[in-house]
Amino acid sequence: MQVLLVILVLVVHDPMHLFRATLPDGKLPQLEMTQQRFQNPAIAKTYGFRYNAIIIGTSMAENFSSSEIKSKLGARAMNLAMSGAKLDEMLLLLSYTFSKNPQIKTVIWGIQPDHIFAKKEEPSEENSFPTYLYNDNMLDDILAYVGKRFFLKPQSVAEDHLWNWYDVYKDMGHFTRSHYFETACTLIAETKKTKPLFENRIPAISKILAAHPDITFYIFIPPRSALLLKKYADKYYAGIIAFSKLLNHPNARLFDFTQMRTLTMDISRYKDVGHYDAMGNSEMVSAFASDSFRLTQKNIPRSLQNILKYKQATLAEFGITKEDIAKYCPSHQ
């Protein structure tokens, strides 16, 4: 009886907004960043009716501005990005969101070579993924409230700031040269060879594009820093070749933002070797609107040549000096 009472209280309290929408237009519920896999399906189910676009991807997609997307692309987007998202998690979230929101007409989707060459891994509760929130059975949604983590006050944010982490990390001093080198030093010293690329998940991505021909997919490779692109150039080269197969879908608009060299070559705009500032997301939205850095059958060679330039470049060309190595990476000299 006590358990039932606790469940009833939580359902009424409903901090995740699983069962009803109580927030005004422009506001969305947000738990801790570590709970995105719980919160996002709730947003898609309960608040999705307000939107006609989705943002999906990893932390590389979390700093997109929904208001800027509306201004430049004419779409109202909800940000359903998940830090460290795996391809099969994103595919499941997309399918679930489409099933609840047939009005969705635009998807902005960040995909990296690690996704293209990932082994198939079905999301499961064993992997801390709440699959019970991604079906049509509302009764088992209550399972999300079996745990102390949700005995909390409901939090809400402006839709423009949902999952946005840039300002927090900037205020913490993470967008500094010294912080960048905390990851850069390890990458500079890395000597192991890239593992062979056996898997190719393009067919899984193609399947969802083919199933929704009325939806326009803006699919992009994020502009990670030049140092990372140099170290994993072979994987990115193979990834772009595989990525280009999606051009067979008329509803796919592909963008290779590794070519955005004004960003990738500027250390000051990264908090580590992979994560860029919010202005980078803004520049990508402008590129979607203007078709800049868009991948086509004709310019695939140019995109591949760009990756080779990273591979052949020296650290000095990336703005990494001998003084930087001595100061920030003394153990790697």
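One can find the structure itself at the top, above this paragraph.
Residues numbered from 1 in each chain as written. Predicted model: local features only at pLDDT ≥ 70, side-chain atom pairs only at ≥ 80, totals over all residues. Heavy atoms only, no water.

S.K.: What am I meant to see in the overall build of the chain here?
M.R.: A count of helices and strands for the chain gives 14 helices and seven strands. Rg of the C-alpha trace for the chain: 21 Å, near the compact-globule value of 20 Å for 333 residues, within the 12% margin. For the chain, with 333 residues in total, the buried portion stands at 52%. By sequence separation, contacts in the chain at least 24 residues apart represent 81% of the contacts at least 6 residues apart. (Helix = DSSP H or I, 4+ residues; strand = E, 2+ residues; numbered from the N terminus. Rg over C-alpha atoms; globule rule 2.2 N^0.38 Å. Buried < 20%, exposed > 50% of the residue type's maximum accessible area, 1.4 Å probe, protein only. Contact = heavy atoms within 4.5 Å.)

S.K.: Can you walk me through unusual backbone geometry in this structure?
M.R.: Note: most residues except glycine have negative phi, and most peptide bonds are trans. Non-glycine residue D291 carries a positive phi angle of around 65°. Following the sequence through the fold, D291 ends up in the loop between α12 (278–290) and α13 (300–312). Residue classification places D291 among the partly exposed residues on the basis of a relative accessible area of 33%. You will see that F293, though not glycine, has its phi angle at about 60°, which is positive. Structurally, the position occupied by F293 is in the loop between α12 and α13.

S.K.: Explain the pairing of strand β7 (residues 252–256) to me, please; I cannot follow it from the model alone.
M.R.: Put simply, side chains in a regular strand alternate between the two faces of the sheet. Counting buried positions along β7 gives four out of five residues, so the element sits mostly inside the fold. Taken together, the five bridges between strand β6 (residues 216–221) and β7 define a ladder with parallel strand orientation. Among the inter-strand pairings, F217 is bridged to a residue of β7, identified as A252. (Pairing = 2+ DSSP bridges.)

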